[in-house]
Every structure is written in structure tokens, then in C-alpha cells.
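Take a look at the letters that make up each chain.
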Amino acid sequence: HTLAFGIGIHHAGLDEADRVLVEKLFLGQSILVLVCTSTLAWGVNFPAHLVVVKGTEYYDGKAKRYVDFPVTDVLQMMGRAGRPQFDTKAVAVILVHEPKKTFYKKFLYEPFP
């Protein structure tokens, strides 16, 4: 139902025909918003102008608690924004709980020692 409004949904539970359709529509810019799971950042080359990382934690069923994504995963998700062959500039936004805000600000804006 969301495709008619220009919004696609992509996740591991999609059957192949739906997955291919959503990918084709997004790459062809027929849909401009793609809501997806973090796994999309690793396996598919979908460049975007704006990437919003809605949280830096996931639920670990074995541990029965929320755990942090590895920083490499967050960087990979952000890396979907602004691919040089598609865009001259782009934006990545991270929505994070207040206690982690300082960590991400330092990590992203300050040089390594």
C-alpha cells in the first residue's frame, strides 16, 4: 500500500518478487523513500541523498536485551548517503539516545589521536 505514496519497504522477509520490485522502483526514483533494516547497508548498493539511522541499538534475542550496533555497522549505514557517482553531497542523520550522543559527536567530528 505504501508504494502508491512513493514509499518502499525493504527487509529480509520480502519474497523475491516484492524485493526486486522495490529495488527497481527505488533505483529508478519512482519511490523516493525507502524504509529498510540495517542489513540493507551491507548487502545492496543503494545510494541515497539522505540516510536516517533511527537508533544505534538492536534487540539481541539470545541476550534478551538491546545491544549497540558495532560502529562499523553505523558507518556502513551512513555510507549509503552521497555516493560520488550519484550525488555531489548528501546528509546522514543519526538518532541516538542522549547518553550516547557525546560518543557519536566525538567519533564523527573529532580526529583520531
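The coordinates are above.
Report follows, based on the coordinates. Here the structure is a predicted model, which means the values were calculated and not measured.

Okay, the packing of helix H3 (residues 71-78) against helix H4 (residues 98-109) next. It is the contact of H3 with H4, at a shortest axis distance of 13 Å, that shows an interaxial angle of 65°. Judged by the sense of rotation from one axis to the other, the crossing of H3 with H4 is right-handed. On the side of H3, the interface is formed by Val71, Val74, Leu75 and Met78, while H4 contributes Phe103, Tyr104, Phe107 and Leu108. For the contact of H3 with H4, a count of residues per class yields 8 nonpolar, no polar and no charged.

Looking now at the environment of Phe46. One can find Phe46 in the loop between helix H2 (40-43) and strand E3 (50-54). Residue classification places Phe46 among the buried residues on the basis of a relative accessible area of 5%. Residues Phe46 and Met77 lie 31 residues apart in sequence; the distance between their C-alpha atoms is 10 Å. Those residues in contact with Phe46, other than ones at most four positions away along the chain, are His10, Glu23, Phe26, Leu27, Leu34, Leu40 and Arg80.

Before going further, it helps to spend a moment on the pairing of E3. Here is the key point about a regular strand: its side chains alternate between the two faces of the sheet. A one-sided burial pattern is seen for E3, the buried positions being Val51 and Val53 and the unburied ones Leu50, Val52 and Lys54. Note: E3 against strand E6 (residues 91-95), 5 bridges, orientation parallel. Each bridged residue has a counterpart across the sheet, and for Val53 the counterpart in E6 is Ile94.

Here we come to the nonpolar core. Within soluble globular proteins, side chains that are nonpolar tend to cluster in buried spots. With 16 residues, the main nonpolar core has Phe26, Leu34, Val53, Val74 and Ile94 as its most contacted residues. Elements supplying a minimum of two residues to this core: helix H1 (16-27), E3 and H3. Of the residues forming this core, the biggest block, 3 residues, is contributed by H3. Setting aside residues up to four positions removed in sequence, Ile94 forms contacts with Val53, Thr56, Val74, Met78, Tyr104 and Leu108.

It is worth spelling out H3 at this point. Of all the positions in H3, only Asp73, Val74, Met77 and Met78 are classed as buried. Buried residues along H3 cover an arc of 140° about the axis, so they all sit on one side.

The rules behind each value
- Residues numbered from 1 in each chain as written.
- Predicted model: local features only at pLDDT ≥ 70, side-chain atom pairs only at ≥ 80, totals over all residues.
- Heavy atoms only, no water.
- Axes fitted to C-alpha atoms, helices over the stretch in contact; angles between N-to-C directions.
- Helix = DSSP H or I, 4+ residues; strand = E, 2+ residues; numbered from the N terminus.
- Left-handed = near helix turned anticlockwise from the far one by under 90°.
- Contact = heavy atoms within 4.5 Å.
- Nonpolar A, V, L, I, M, F, W, Y, C, P; charged D, E, K, R; others polar.
- Buried < 20%, exposed > 50% of the residue type's maximum accessible area, 1.4 Å probe, protein only.
- Pairing = 2+ DSSP bridges.
- Core = buried A, V, L, I, M, F, W, Y, C linked by side-chain atoms within 4.5 Å.
- Arc of directions from axis to C-beta.

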